[in-house]
Amino acid sequence: MKLVATLCAGEAHKKIGTLTHPEMLAYARKCGAAFTVCDAENWPADKISVPWQKCIYLWDLLNEFEQVLFLDNDVLIDAENCPNLFDIVQITHVGAFKEGQICVRHENLARVCERNRLPYKTRQYDGDYINTGVMMLSHMHRDMFVWPDVLIDDYYEQSYINARLFSAHVPIHALHYRFNRMSVLDEITGEQRHKSHIIHYAGSNDLEALYHGIAADKAKWERKEPALTHILIECTGGIGDVVYAEPIIRYMIETKYKGRDDVRFTISTQRPRIFAHFDYPNVEVVSGEIKIDDTRENPVCVKQIHPLQNHATRVFNPYQATHNLDFQANALLSDYMPPEAKTVRL
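Attention here is on the structure that accompanies the text. The structure displayed is predicted, hence computed values, not measured ones.

1. Topic: the pairing of strand S9 (residues 229-235)
In terms of residue burial, S9 counts as a mostly covered element, since 6 of its 7 residues are buried. With 7 bridges joining them, S9 and strand S10 (residues 263-269) adopt parallel strand pairing. Following the sheet pairing, His 230 is matched in S10 by Arg 264. In this region the chain leaves S9, passes through helix H8 (residues 239-256) and returns to the parallel neighbour S10; the handedness of that crossover is right-handed.

2. A look at the nonpolar core
Residues Leu 58, Leu 61, Val 68, Val 94, Leu 137 and Phe 145 are the most contacted members of the largest nonpolar core, which totals 35 residues. Mapped onto this core, the elements with two or more residues apiece are strand S1 (2-8), helix H2 (53-64), strand S3 (67-71), strand S5 (94-96), helix H4 (106-115), strand S6 (134-138) and helix H5 (158-167). The contact partners of Leu 137, leaving out residues within four places of it in the chain, are Leu 58, Leu 62, Glu 66, Gln 67, Val 68, Val 94, Met 144 and Phe 145.

3. Overview of the packing of aromatic side chains
Geometrically, a pair of aromatic rings is defined through the distance of the ring centres and the angle of the planes. The full count for this structure, using the stated rule, is 5 aromatic pairs. The interplanar angle of 40° and the centroid separation of 5.8 Å between the aromatic rings of Trp 52 and Tyr 160 together place this pair among those described as tilted. Linking Trp 52 in the loop between strand S2 (34-39) and H2 with Tyr 160 in helix H5, this pair joins segments that are 108 residues apart in sequence. Overall, the relative accessible area of 1% leaves Trp 52 in the buried class. Classification of Tyr 160 as buried rests on a relative accessible area of 2%. Taking 5.3 Å as the distance between ring centres and 75° as the angle between the ring planes, the aromatic pair formed by Phe 275 and Phe 278 counts as edge-to-face.

4. Some points on H5
Taken across its 10 residues, H5 has 10 buried, putting it largely inside the fold. When we look at burial in H5, the residues that qualify are Gln 158, Ser 159, Tyr 160, Ile 161, Asn 162, Ala 163, Arg 164, Leu 165, Phe 166 and Ser 167. On its buried side, H5 packs onto H2, S5, H4 and strand S7 (172-174). Two residues or fewer past H5, His 169 is found with a positive phi of approximately 60°.

5. What to know about a nonpolar patch on the surface
Together, Ile 102, Val 184 and Ile 188 make up a nonpolar patch on the protein surface, roughly 210 Å² of accessible area in all. Looking at the element boundaries, Val 184 is found in the loop between S7 and helix H6 (186-189).

6. Describing the packing of helix H1 (residues 11-30) against helix H7 (residues 207-222)
Axis angle and axis distance: for two packed helices, these are the angle between their axes and the distance between the axes, and together they describe the pair. Where H1 contacts H7, the axes come no closer than 9 Å and their chain directions differ by 15°. With respect to H7, the axis of H1 lies roughly parallel. With respect to the hand of their crossing, H1 and H7 are arranged in left-handed fashion. Contacts between H1 and H7 involve Ala 12, His 13, Lys 15, Ile 16, Thr 18, Leu 19, Thr 20 and Glu 23 from the former and Leu 207, Glu 208, Leu 210, Tyr 211, Ile 214, Ala 215 and Lys 218 from the latter. When grouped by side-chain class, the residues that make up the contact of H1 with H7 number 8 nonpolar, 3 polar and 4 charged.

7. Regarding unusual backbone geometry
Phi at Tyr 156 takes a positive value of approximately 55°, unusual for a residue other than glycine. When you line up the elements, Tyr 156 lands in the loop between S6 and H5. A positive phi is found at Lys 224, a non-glycine position, where the angle reads about 55°.

8. A word on the packing of H4 against H5
The contact between H4 and H5 brings their axes to 9 Å, and the two run at 80°. Overall, the two elements H4 and H5 adopt an arrangement that is roughly perpendicular. The segment H4 lies against H5, with Asn 108, Leu 109, Val 112 and Cys 113 engaging Ser 159, Tyr 160, Asn 162, Ala 163 and Phe 166. Its residues assigned to classes, the contact of H4 with H5 shows 6 nonpolar, 3 polar and no charged.

9. Brief notes about the side chain of Glu 191
With respect to the element layout, Glu 191 can be found in the loop between H6 and strand S8 (198-200). We classify Glu 191 as buried; its relative accessible area is 4%. At 2.5 Å, the side chain of Glu 191 and the side chain of Arg 178 are in polar contact. The residues contacting Glu 191, other than those within four sequence positions of it, are Tyr 177, Arg 178, Arg 181, Asp 186, Leu 228, Thr 229 and Pro 299.

10. Digging into helix H9 (residues 324-333)
One turn of the α-helix equals 3.6 residues, which is why residues spaced by three or four share an orientation. H9 sits mainly inside the fold: 10 of its 10 residues count as buried. Those residues of H9 that fall on the buried side of the exposure criterion are Asn 324, Leu 325, Asp 326, Phe 327, Gln 328, Ala 329, Asn 330, Ala 331, Leu 332 and Leu 333. Two residues or fewer after H9 comes Ser 334, characterised by a positive phi angle close to 55°.

11. Comments concerning the state of the cysteines
Within this structure, the stated rule accounts for 0 disulfides. Cys 55 takes part in no disulfide bond, and the closest cysteine sulfur to it belongs to Cys 38, at a distance of 12 Å. Taking the relative accessible area as the measure of exposure, Cys 55 reaches 1% and is therefore buried. Here Cys 235 stays free of any disulfide, with the sulfur of Cys 301 as its closest cysteine sulfur at 15 Å. When its relative accessible area of 1% is taken as the criterion, Cys 235 is described as buried.

Thresholds applied
Residues numbered from 1 in each chain as written. Predicted model: local features only at pLDDT ≥ 70, side-chain atom pairs only at ≥ 80, totals over all residues. Heavy atoms only, no water. Buried < 20%, exposed > 50% of the residue type's maximum accessible area, 1.4 Å probe, protein only. Helix = DSSP H or I, 4+ residues; strand = E, 2+ residues; numbered from the N terminus. Pairing = 2+ DSSP bridges. Right-handed = clockwise from strand over helix to strand, strands pointing away. Core = buried A, V, L, I, M, F, W, Y, C linked by side-chain atoms within 4.5 Å. Contact = heavy atoms within 4.5 Å. Phe/Tyr/Trp six-rings, centres within 6.5 Å; stacked < 30°, edge-to-face > 60°. Patch = residues over 30% accessible without salt bridge, like charges linked within 9 Å, V, L, I, M, F, W, Y side chains within 5 Å. Areas by Shrake-Rupley, 256 points an atom, 1.4 Å probe, with all protein chains shown as cover. Salt bridge = Lys/Arg side-chain N within 4 Å of Asp/Glu carboxyl O. Axes fitted to C-alpha atoms, helices over the stretch in contact; angles between N-to-C directions. Parallel < 35°, antiparallel > 145°, perpendicular 65-115°, else oblique. Left-handed = near helix turned anticlockwise from the far one by under 90°. Nonpolar A, V, L, I, M, F, W, Y, C, P; charged D, E, K, R; others polar. Polar contact = N/O pair within 3.5 Å; in protein donor to acceptor, adjacent residues only side chain to side chain. Disulfide = S-S within 2.5 Å.

As structure tokens, this is what we get:
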């Protein structure tokens with residue numbers, strides 16, 4: 001038996017649920033699953049906060065259902081186009097977005113493990129910290145929701161669930177961020193959020209504004225409004241840095257984003273003549289620094305081409321010991337370029 005479940009309490013959240021719950025129900029029907037809204041008002045908030053009640057409900061639900069897709073109340077799912085997560089995630093794995101890949105969470109994990117006497121150093125941490133707003137679970141994961149020895153609010157219940165998952169070596173099926181699109185991904189992706197299958201409005205405190213924001217995103221999906229990606233490349237440094245940036249940016253546009261009409265690029269540089277031959281309809285070269293429209297509605301992914309400012313490389317690759325072009329390619333593409341693509345064109 002399969003189930004899609006959410007948790008809701010309070011009038012403001014119930015109002016949000018009038019927008020999100022119908023989509024969850026439609027998705028459940030599409031996947032051949034049941035749907036339930038867990039009533040978080042069964043326990044007084046001063047005793048057990050609403051997020052922590054997730055553990056109580058999932059402990060019971062995973063005893064009754066073989067698979068459970070849990071969605072936070074502030075999650076909007078594109079029921080029509082979202083793939084079936086029940087088919088994607090193996091029953092042995094927890095399906096979730098690895099928040100620890102983009103946010104520092106290992107200290108949170110270690111602290112909660114220690115306070116609850118859970119082993120932490122038995123395995124190497126590699127960003128295996130999930131966001132619990134969207135979780136694909138099975139009955140095999142019920143022990144993740146055992147009530148803690150010490151209740152520590154660390155992103156509410158999230159760090160505790162991760163501590164249970166981590167210490168028990170539960171395998172994770174890392175979901176793409178488009179199955180849990182949060183605002184923290186705005187600058188990383190440069191994508192408008194309605195480009196994703198599931199939008200998670202985590203951390204939104206103004207619930208009235210949140211309600212209208214969800215309504216607007218839902219309308220965009222209904223209108224099938226195209227979603228765009230905007231990448232700003234800040235090409236600074238000396239003339240040598242900018243010259244070596246030319247083949248990297250060209251390779252990025254022609255290879256990594258080939259045929260992507262939904263992506264537009266802005267190149268900001270003090271030396272625009274180096275890019276005068278760029279004849280791409282989705283590329284704008286701007287002289288000097290620019291002020292961009294970087295909002296939740298129109299996020300911008302900012303990438304820097306400057307050896308002393310760029311921190312995008314994850315490996316030790318010092319500028320002094322690496323060719324300028326290789327260093328910048330690693331920083332911008334998180335990869336190296338093939339030799340034939342490294343020729344500069346002016």
